[in-house]
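Listed here are the chains, written in short residue letters.
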Amino acid sequence: MIKYFTEEASVEAVNGRMAEDTDPRLREVMASLVKHIHAFIKETRISQQEWETAVRFLTDTGRLCTPERQEFILLSDTLGVSMLVDAINNRRQMGATENTVLGPFYVPGAPRRAMGDRITLDGKGESCVFEGTVVDLEGQAIEGAIIDVWSDNAEGFYDVQQPDIQPKWNNRGSFVTGADGGYSFIGIKPVSYPIPDDGPVGQMLKHLGRHPFRPAHMHYIVSANGFQKVVTHTFVGDDRYLSSDAVFGVKATLVAPFERLSGEEAEWRSRFDFVLSPM
Ligand code: BEZ
Ligand code: FE
C-alpha cells in the first residue's frame, strides 16, 4: 500500500525519502532536524499566518547578509546557538582558558605590533594596559604564541563599522610572545555596545523584551604550535550587562580585573593569563 503523508507519520514520510546511499552523517543530521522541526510545529500548532511570518523573517534575515553584515550569525548568536556549538566543540581541561563567541567583527591580518605598543589609533577612550602571559597547563611560558586582539572604540563601534570615520586597524593588533610568554599592549578600557539591531534580529529582540547590548570586552585569538587555539574575550567585571549579554558570551573565568593607575603609561591596567591546552 502507498504510504502518503499524514500528520501522524509526517517524520517517517519525509525521512523515508532519503536515498539508501546518503552520506551517513548527513542522514543522521537531517533525520534529527526533520524530527525536531515537525515536533516543534506539532507542539506549538503553528498557524498558517505564523508560518508565513517565520518565512518572511528568515527571508529578511538572508536579504540583509553581505560580507560586512551577517544577520544569520547574529540570529545564531542571540538564540544561544553559537555558544552551544562552541561549548560542544571546545571542551577543555580544567584550568585551560575557555572559548567564547568569535563575533562578526574579527578581521584576519591585523598589523603585527611590538610588545607594549598602542593599538588605539583614534585617540579616544580611557587608555588601558593589557598584560599577562601565555602558558601551558603546567604554567610553563609558551614562546612564539600569536595574540590577535580587537575591540570597539570608546563610542562602541568597531573600525569596520565606521570605515570612513575610524582609522583602519583602530583597536586591533597582533603580538608574538617571547621566551617569557609575556604580552603587553595599550588599548582602551572597553565599553559596552549594542549588536547591530536595525534588522530582523533587532526586531526579534524587541518583541522578546530583550536589549541588544554586549558587556564591555576585549577580543582575543591566542594560538601556538602544538596547542588548541583559543577564541575568547576578557570582560570588565562591573559592566551592567554582564549578566544579560545579548549573545550569551560571558563566562565567569573570563571576567578580568581592571585596576586604575595613577598616571604614567595608562589610566587602567588589566592582567590576564592565557592557559593553552595541548592539541
Ligand atoms: C562581538 O563581540 O563583536 C559580537 C559578538 C556577537 C554578535 C555581535 C558582536
Ligand atoms: Fe565585540
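Residues numbered from 1 in each chain as written. Chains lettered and ligands numbered in written order. Predicted model: local features only at pLDDT ≥ 70, side-chain atom pairs only at ≥ 80, totals over all residues. Heavy atoms only, no water.

Some details on the overall build of the protein
Next up, step 1: Assigned secondary structure in the protein consists of six helices and 12 strands.
Next up, step 2: Judged by the C-alpha coordinates and their principal axes, the protein covers about 80 × 40 × 30 Å.
Next up, step 3: The 279 residues of the protein split such that 43% are buried.
Next up, step 4: The contacts in the protein between residues at least 6 apart in sequence include a share of 71% that link residues at least 24 apart.
Next up, step 5: Taken as two groups, the 28 positive and 39 negative side-chain charges of the protein have centres that lie 4 Å from each other. (Helix = DSSP H or I, 4+ residues; strand = E, 2+ residues; numbered from the N terminus. Buried < 20%, exposed > 50% of the residue type's maximum accessible area, 1.4 Å probe, protein only. Contact = heavy atoms within 4.5 Å. Lys, Arg positive; Asp, Glu negative; His and termini not counted. Charge placed at Lys NZ, Arg CZ, Asp CG, Glu CD.)

Remarks on the nonpolar core
Soluble globular proteins tend to pack their nonpolar side chains together in the buried interior.
Next up, step 1: Among the nonpolar cores identified, the biggest contains 28 residues, and V134, Y183, F185 and Y220 are the most heavily contacted of them.
Next up, step 2: Contributions of two or more residues to this core are made by β1 (127–136), β2 (146–150), β4 (182–188), β7 (217–223), β8 (230–236) and β12 (274–276).
Next up, step 3: Those residues in contact with V134 that sit more than four places away from it in its chain are Q140, A141, I142, A145, I147, T177, G181, Y183, V222, F274 and L276. (Core = buried A, V, L, I, M, F, W, Y, C linked by side-chain atoms within 4.5 Å.)

Considerations on the coordination of the iron ion (ligand 2)
Next up, step 1: Around the iron ion (ligand 2), the protein supplies Y158 (OH), Y193 (OH), H217 (NE2) and H219 (NE2) as donor atoms, at distances of 1.9 to 2.1 Å.
Next up, step 2: The site at the iron ion (ligand 2) holds six donor atoms, and with the angles between them running 54 to 166°, its shape is irregular.
Next up, step 3: Taken in sequence order, the residues that donate to the iron ion (ligand 2) follow the motif Y-x34-Y-x23-H-x1-H. With Y158 in the loop between β2 and β3 (172–176) and Y193 in strand β5 (residues 193–194), this residue pair connects regions lying 35 residues apart in the sequence.
Next up, step 4: Looking at Y193, the relative accessible area reads 3%, which means it is buried. (Donors = N, O, S within 2.8 Å, 3.2 Å for Na, K, Ca; no water. Tetrahedral: all angles 85-135°; square planar, octahedral: opposite > 155°, others 65-115°.)

Points about the packing of helix α3 (residues 48–63) against helix α6 (residues 200–207)
Next up, step 1: Where α3 contacts α6, the axes come no closer than 9 Å and their chain directions differ by 135°. On the basis of their axis angle, the class for α3 and α6 is oblique. Contact with α3, carried on its side by F57, D60 and T61, involves P200, V201 and M204 of α6 and no other residues of that element.
Next up, step 2: Classifying every residue of the contact of α3 with α6 gives four nonpolar, one polar and one charged. (Axes fitted to C-alpha atoms, helices over the stretch in contact; angles between N-to-C directions. Parallel < 35°, antiparallel > 145°, perpendicular 65-115°, else oblique. Nonpolar A, V, L, I, M, F, W, Y, C, P; charged D, E, K, R; others polar.)

Some points on the site of ligand 1
Next up, step 1: All residues in the neighbourhood of ligand 1 are listed as L74, D77, G103, P104, F105, Y158, Y193, I195, R214, H217, H219 and V247.
Next up, step 2: R214 has a polar side-chain atom sitting 2.5 Å from an oxygen atom of ligand 1.
Next up, step 3: Between ligand 1 and H219, the relevant distance is 3.0 Å, taken from an oxygen atom to a side-chain nitrogen or oxygen of the residue.
Next up, step 4: Bound to the protein, ligand 1 loses 100% of the 260 Å² it would expose on its own.
Next up, step 5: Of the pockets mapped on this structure, ligand 1 occupies the largest cavity.
Next up, step 6: Going through the elements one at a time, α4 (71–78) and β7 are the ones with two or more residues in the shell around ligand 1.
Next up, step 7: When the residues that make up the shell around ligand 1 are grouped by side-chain class, the tally is seven nonpolar, three polar and two charged. (Near = heavy atom within 4 Å. Polar contact = N/O pair within 3.5 Å; in protein donor to acceptor, adjacent residues only side chain to side chain. Areas by Shrake-Rupley, 256 points an atom, 1.4 Å probe, with all protein chains shown as cover. 1 Å grid on protein atoms, 1.4 Å probe; cavity = no way out; pocket = protein on both sides within 12 Å on 5 of 7 lines; lining within 4 Å. Sits in = over half its atoms within 2 Å of the grid points.)

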